[in-house]
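Spelled out from the first residue to the last, the chains are:
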Amino acid sequence: MPLIVMCGFPCSGKTRRAVELQEYFEQNTERKVHNVGDGTLGIEKNTVYADSQNEKNVRGSLRAEAERRINKEDIVILDSLNYIKGYRYELFCLIKHTQTPHCLVYCLTSAEVSSTWNTERDVEEQYTQEILDALVLRFETPDSRNRWDSPLFTIQKEDTLPFEAISDAIFKRKAPPPNQSTQSQPLSSTNFLYELDKVTQDVLMAILNSQKTSVPGDLIAVPGATEKISFATFCCIEVALLV
């Protein structure tokens, strides 16, 4: 079922809002709610976000955990920064593949407010100012005109979450249609190898027969091809194979 993607600066209230959403859906629906995020992985934020490769690995782990949790009944809340546009697009491809709706909840704060809230945390939970400033600088703001950022709910610190609107967005909207990049490719037919071998033999026989009567430059017909092929091409191939 639906995926709710949290997004925002570090220390912008994402986890508090995620908990509010979890409590609302648990109290007002019979669905199970899975809250997946940095906290569930037990990461050390200053270590992870100081190294691009470590950060990439964590994003991959979060995406994989969300994918494992998504099913026909439950709600998944992805509580992380989700600040990279390309990563949010990956999540959009995930919900297209699983055929489920999603929405984005953007916790909007200024860098100054986030910095203040960061200093109010326990020391072991704080970002260093250097890491926080770097993440704010790299943040790619969601845009509702992008299909992977829509529907978008922008929440400021004094706002109350629009629970009913979010509920409608994930329960009353159709899932985005799959496309070729997100659909599993069909299995080959059981006689695929036989048919491939037959076509290959037909092509080889056509080439061998043409060698008896053709000279380089002649055009010959090849089974399955709409255009005739120059006999010189086959001569070059044959020479190359002999060499």
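Treat the numbers as computed from the prediction; the structure is a model and nothing was measured.

S.K.: Hey, could you run me through the confidence of the model for the protein in this one?
M.R.: Should the pLDDT be low somewhere, the predicted coordinates at that spot are not to be read in detail. Model confidence for the protein is summarised by a mean pLDDT of 87, while 87% of its residues fall at 70 or above. The spread of mean pLDDT over the elements of the protein runs between helix 10 (residues 231-242), the lowest at 52, and strand 5 (residues 152-156), the highest at 98. Overall, residues 239-243 carries pLDDT values under 50, and its contacts beyond four positions in sequence, including any with other chains, amount to zero contacts.

S.K.: Where do I start with the pairing of strand 2 (residues 33-37) in this structure?
M.R.: A regular strand carries its side chains on alternate faces of the sheet. Among the five residues that make up strand 2, four are buried, leaving the element largely enclosed by the rest of the structure. Direction of pairing for strand 2 relative to strand 3 (residues 75-79): parallel, over a ladder of five bridges. Paired with Gly37 across the two strands is Asp79, which belongs to strand 3.

S.K.: I would appreciate a short explanation of the environment of Arg69 in the present structure.
M.R.: Structurally, the position occupied by Arg69 is in helix 4 (residues 52-69). Taking the C-alpha atoms as reference, Arg69 lies 9.2 Å from Met1; in sequence the two are 68 residues apart. Residues contacting Arg69, with those up to four places away along its chain left out, are His34, Val36, Asp74 and Val76. Among the polar contacts listed, one links the side chain of Arg69 to the side chain of Glu65, at a separation of 3.0 Å.

S.K.: Looking at this model, I keep getting lost on the layout of surface pockets. Mind explaining?
M.R.: Leftover empty space is mapped by rolling, across the atoms, a probe with the size of a water molecule. Computed from the structure, the largest pocket encloses a volume of approximately 530 Å³. Along the walls of the largest pocket sit 24 residues, with Thr15, Asp38, Gly39, Lys45 and Arg121 positioned nearest its centre. Counting residues per element, the ones that place at least two in the lining of the largest pocket are helix 1 (14-28), strand 2 and helix 2 (38-41). Residues that form the lining of the largest pocket fall into these classes: six nonpolar, nine polar and nine charged.

S.K.: Sorry, what's going on with empty space enclosed by the protein here?
M.R.: By the definition in use, this model includes one cavity of 30 Å³ or more. In this structure, the largest cavity occupies an estimated 50 Å³ of space. Along its surface, the largest cavity is lined by Tyr49, Glu55, Arg59, Leu62, Ser80, Leu81, Asn82, Tyr83 and Tyr87. It is helix 4 that contributes the most residues to the lining of the largest cavity, three residues altogether. The class makeup of the residues in the lining of the largest cavity is five nonpolar, two polar and two charged.

Each value, and the rule that gives it
Residues numbered from 1 in each chain as written. Predicted model: local features only at pLDDT ≥ 70, side-chain atom pairs only at ≥ 80, totals over all residues. Heavy atoms only, no water. pLDDT = per-residue confidence, 0-100. Helix = DSSP H or I, 4+ residues; strand = E, 2+ residues; numbered from the N terminus. Contact = heavy atoms within 4.5 Å. Buried < 20%, exposed > 50% of the residue type's maximum accessible area, 1.4 Å probe, protein only. Pairing = 2+ DSSP bridges. Polar contact = N/O pair within 3.5 Å; in protein donor to acceptor, adjacent residues only side chain to side chain. 1 Å grid on protein atoms, 1.4 Å probe; cavity = no way out; pocket = protein on both sides within 12 Å on 5 of 7 lines; lining within 4 Å. Points joined across faces, edges and corners; volume = space filled by probe spheres on them. Nonpolar A, V, L, I, M, F, W, Y, C, P; charged D, E, K, R; others polar.

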